[in-house]
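Residue-level structure breakdown
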Amino acid sequence: AQSVTQPDIHITVSEGASLELRCNYSYGATPYLFWYVQSPGQGLQLLLKYFSGDTLVQGIKGFEAEFKRSQSSFNLRKPSVHWSDAAEYFCAASDQAGTALIFGKGTTLSVSS
Amino acid sequence: DAGVIQSPRHEVTEMGQEVTLRCKPISGHNSLFWYRQTMMRGLELLIYFNNNVPIDDSGMPEDRFSAKMPNASFSTLKIQPSEPRDSAVYFCASTNLASEQYFGPGTRLTVT
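Residues numbered from 1 in each chain as written. Chains lettered and ligands numbered in written order. Predicted model: local features only at pLDDT ≥ 70, side-chain atom pairs only at ≥ 80, totals over all residues. Heavy atoms only, no water.

1. Describing the overall build of chain A
Looking only at helices and strands, one finds zero helices and 12 strands in chain A. Along its sequence from the N terminus, chain A presents helices and strands in the succession β-β-β-β-β-β-β-β-β-β-β-β. Taken over the C-alpha trace, chain A has a radius of gyration of 13 Å; the compact-globule value for 113 residues is 13 Å, and the two agree within 12%. Each principal axis of the C-alpha distribution contributes one length, and for chain A these read about 40 × 30 × 20 Å. For chain A, the proportion of its 113 residues judged to be buried stands at 46%. If you take every contact in chain A between residues at least 6 apart in sequence, the share linking residues at least 24 apart comes to 54%. As displayed, chain A has an accessible area near 5,300 Å², and 48% of this comes from carbon and sulfur atoms. Each charge class in chain A can be summarised by its mean position, and for the 8 positive and 9 negative side chains these summaries are 3 Å apart. (Helix = DSSP H or I, 4+ residues; strand = E, 2+ residues; numbered from the N terminus. Rg over C-alpha atoms; globule rule 2.2 N^0.38 Å. Buried < 20%, exposed > 50% of the residue type's maximum accessible area, 1.4 Å probe, protein only. Contact = heavy atoms within 4.5 Å. Areas by Shrake-Rupley, 256 points an atom, 1.4 Å probe, with all protein chains shown as cover. Lys, Arg positive; Asp, Glu negative; His and termini not counted. Charge placed at Lys NZ, Arg CZ, Asp CG, Glu CD.)

2. Remarks on the side chain of Gln6 of chain B
Residue and element names in this part refer to chain B. Looking at where Gln6 falls in the secondary structure, it is placed in strand E1 (residues 5-7). Residue class for Gln6 comes out buried when judged on its relative accessible area of 4%. A distance of 3.0 Å separates the side chain of Gln6 from the backbone oxygen of Tyr90, its partner in a polar contact. Filtering out sequence-adjacent residues up to four positions away, Gln6 remains in contact with Arg22, Trp34, Tyr90, Phe91, Cys92, Gly104, Pro105, Gly106 and Thr107. (Polar contact = N/O pair within 3.5 Å; in protein donor to acceptor, adjacent residues only side chain to side chain.)

3. Looking at the packing of aromatic side chains
Using the criterion set out here, one finds 16 aromatic pairs over all chains in the structure. Measuring from centroid to centroid gives 5.8 Å for Phe34 of chain A and Phe51 of chain A, while their planes differ by 80 degrees, and the two rings are edge-to-face. Of this pair, Phe34 of chain A sits in strand E5 (residues 32-38) while Phe51 of chain A sits in the loop between strand E6 (44-50) and strand E7 (56-58), and the two are 17 residues apart along the sequence. Accessibility expressed as a relative area gives 3% for Phe34 of chain A, which makes it buried. With centroids separated by 4.5 Å and ring planes inclined at 20 degrees, the aromatic side chains of Tyr50 of chain A and Phe67 of chain A adopt a geometry described as stacked. In this pair, Tyr50 of chain A sits in strand E6 while Phe67 of chain A sits in strand E8 (residues 64-68), placing the two residues 17 residues apart along the sequence. Across the pair, exposure class does not vary: Tyr50 of chain A and Phe67 of chain A are buried alike. Through pairs of rings, three or more aromatic residues link up here, namely Tyr32, Phe34, Tyr36, Phe51, Phe90 and Phe103 of chain A together with Phe33, Tyr35, Tyr48, Phe91 and Phe103 of chain B. (Phe/Tyr/Trp six-rings, centres within 6.5 Å; stacked < 30°, edge-to-face > 60°.)

4. Concerning the pattern of salt bridges
Two side chains carrying opposite charge are able to pair once their charged atoms lie near each other. All names here are of chain B. Evaluation of the coordinates by the stated rule reveals 13 salt bridges over all chains. For Asp86, the salt bridge is made with Arg64, and the minimal N-O distance between the two is 2.7 Å. Taken together, the residues span a long stretch of sequence, with Asp86 in the loop between strand E8 (74-79) and strand E9 (88-95) and Arg64 in the loop between strand E6 (53-56) and strand E7 (65-71) at a distance of 22 residues. Judged by relative accessible area, which is 10%, Arg64 ranks as buried. (Salt bridge = Lys/Arg side-chain N within 4 Å of Asp/Glu carboxyl O.)

In C-alpha cells, the structure reads:
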C-alpha cells in the first residue's frame, strides 16, 4: 500500500541551528511530493513541492527539500531555524497532480532559545 | 482570492445530532477534498470530488457520513447521527489539476 513515513515525532532545535526533517515514501512510481506546515489552530500551508526535474526544491520561508529516488526520501531542510518556525510539519504524496494526498503522521518542531 | 472558506470554524454538538460542515473552494479549482485530522490517525482523506463528481469516497467511515457538491463553489459534509468519536478537525482543500492543494482553516468538531 502507498504510504508516507515521518520517523521523527518531535524534534527540538536551537534557534539559529540547522534543521532536517525526514520523510520516506512507499509508492509504485515516483509520486508528487509536498511539505506542509501547520501552526496551532491553523490550516495547512504549502512550503514546497516536487513534481519532476531538479531534485533540490526551494520553498517559502527559507526551506528546501531534496528528492532522493534511491532512498525514497524527500527530506526538508533549513540552514538556520527561527523561533517562528515552531510548528507541525507534514510530508505528503500523491500519485498524480490533483489527486488525494497521503500524509505522514507529522513532526512537531520546537525551537529553543 | 479569499482562499478556501470553511464554516463553521468550531462546532460543539451533542451525540445523536446532525452536523453539517460547509466549504467554498477557490474559484476556478475543479477538485475538492475533505480530510479529517485526529491525534490517533493523523490526516486522512474522507472523500474527493472532481468537477463536482465524487471520485473516491473510500475514506468515508460509515453511512453516517455523507458529502455533496451541488455546484463548483460549494460542498457539504454531513454527519447524521453524530458520535463522540467523530470529534476531530475537518479540513477542506481545493486544487486545479496542475497545482498543489490549498487548505481551508478547518472546522473543529466536538461531539459530547
